[in-house]
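Structure at a glance
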Amino acid sequence: MKLNIILMGPPGAGKGTLAKQLKSEFNLAHISTGDMFRDAIKAGTELGKLAQSYIDEGHLVPDEVTIGLVKERLSNKDCENGFLLDGFPRTIPQAEALQELSKEIQRPIEVVINLSCDNNELVRRISGRRVCKVCGAPYHIDSAKPKIEGKCDLCGGELIQRKDDNEESLKVRLGDYNLKTKPLLDYYSNLGLLKSFNSLQGKESLFDEVKLFLKS
Ligand code: AP5
């Protein structure tokens, strides 16, 4: 069973959705750099103030900040049973730093799961996405509606639209993905770690396919 996992894919491919499903199935630590930055913004910390200026416009937060954050998080005890990195690494320097770090803590990356999805569907998903203000669970105004409008099924929190889920920021995010993150697919393919899945299939079917693969 593969337990130290990287989830990759463009914005809206479904990394966060799949991570939540895998976390509860396999009891893994879910490390989402996007969520960590959003928590810091909510808490008004120095990190949050720095990250907000990049995130709202769709730009990547500088490598040295992001690498430091993940380094600290990966040394937590809850990562001992395995971890899911969601949204990290996103650049070659981040991937190289992670290789070093995973050696240091003796928890090598065992698989990189890449979610592929076409551009029109990414735009549809991101523009219709709503997230729970409290627990971060994702919904969609057409294809993943909550049971009660505007309320999270899991915790009853208010559903909101992320500030960076607008057309302008999305253009920047997709541009950055193509330029800086996509080269990581070759990087991990050369290491023999890459496994791609089609995220156009529904959430449950994708989850079943990934689960089966991880158990094999
Ligand atoms: P982050 O939060 O990581 O955003 P992202 O990568 O743009 O990814 P998203 O959260 O938008 O999408 P997702 O793939 O998780 O899709 P989701 O499951 O929600 O990062 C935000 C920002 O933080 C970055 O732009 C950057 O500024 C900064 N940052 C973060 N990490 C960084 C790093 N390493 N370096 C530098 N900066 C960093 O699903 C989307 C929608 O689709 C939902 O509505 C969902 O219901 C639906 N859906 C999901 N899966 C399926 C499916 N299989 N079928 C149908 N619908 C589905």
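Scroll up to find the structure.
From a predicted model like this one, the values you see are computed outputs, not experimental measurements. (Residues numbered from 1 in each chain as written. Predicted model: local features only at pLDDT ≥ 70, side-chain atom pairs only at ≥ 80, totals over all residues. Heavy atoms only, no water.)

**Examining the overall build of the protein chain**
- A count of helices and strands for the protein chain gives nine helices and eight strands.
- The C-alpha radius of gyration computed for the protein chain amounts to 16 Å, which stays within 12% of the reference 17 Å derived for 216 residues, consistent with globular compactness.
- Along the first, second and third principal axes, the C-alpha set of the protein chain runs to 45 × 40 × 35 Å.
- For the protein chain, with 216 residues in total, the buried portion stands at 46%.
- Here the contacts in the protein chain between residues at least 6 apart in sequence split such that 72% fall between residues at least 24 apart.
- For the protein chain, the exposed area adds up to about 11,000 Å²; of that, 51% sits on carbon and sulfur atoms.
- Measuring between centres, the 31 positive side-chain charges of the protein chain sit 3 Å from its 31 negative side-chain charges. (Helix = DSSP H or I, 4+ residues; strand = E, 2+ residues; numbered from the N terminus. Rg over C-alpha atoms; globule rule 2.2 N^0.38 Å. Buried < 20%, exposed > 50% of the residue type's maximum accessible area, 1.4 Å probe, protein only. Contact = heavy atoms within 4.5 Å. Areas by Shrake-Rupley, 256 points an atom, 1.4 Å probe, with all protein chains shown as cover. Lys, Arg positive; Asp, Glu negative; His and termini not counted. Charge placed at Lys NZ, Arg CZ, Asp CG, Glu CD.)

**Quick word on the site of the ligand**
- As a structural note, the neighbourhood of the ligand is formed by 36 residues, with Thr17, Thr33, His59, Arg90 and Arg129 the closest of them.
- The separation between a nitrogen atom of the ligand and a polar main-chain atom of Gln201 is 3.2 Å.
- Lys203 places a polar side-chain atom, nitrogen or oxygen, 3.2 Å from an oxygen atom of the ligand.
- The fraction of the free accessible surface of the ligand (1,000 Å²) that becomes covered by protein chains is 96%.
- Only helix H1 (15-26), helix H2 (33-43), helix H6 (119-128), strand S6 (138-140) and helix H9 (203-215) provide two or more residues apiece to the shell around the ligand.
- Across the shell around the ligand, the residue classes break down as 13 nonpolar, 14 polar and nine charged. (Near = heavy atom within 4 Å. Polar contact = N/O pair within 3.5 Å; in protein donor to acceptor, adjacent residues only side chain to side chain. Nonpolar A, V, L, I, M, F, W, Y, C, P; charged D, E, K, R; others polar.)

**Let's talk about the state of the cysteines**
- Here the structure, examined in full by the defined rule, presents zero disulfides.
- Left without a disulfide partner, Cys132 is nearest to the cysteine sulfur of Cys155, which lies 3.5 Å away. (Disulfide = S-S within 2.5 Å.)

**Looking at the sheet that holds strand S7 (residues 159-160)**
- The sheet built from three strands is open, its strands ordered S6-S5-S7 with antiparallel pairing. Every other strand in the sheet has two partners, leaving S6 and S7 as the edge strands with one partner each.
- Strand direction decides the pairing type here: strand S5 (residues 129-132) and S7, joined by two bridges, are antiparallel. Bridge assignment links Val131 to a residue of S7, and that residue is Ile160.
- Against the sheet, H6 contacts S5 and S6, and its axis sits at roughly 45 degrees relative to S5. (Pairing = 2+ DSSP bridges. Axes fitted to C-alpha atoms, helices over the stretch in contact; angles between N-to-C directions.)

By themselves, these observations are geometric and do not establish any function.
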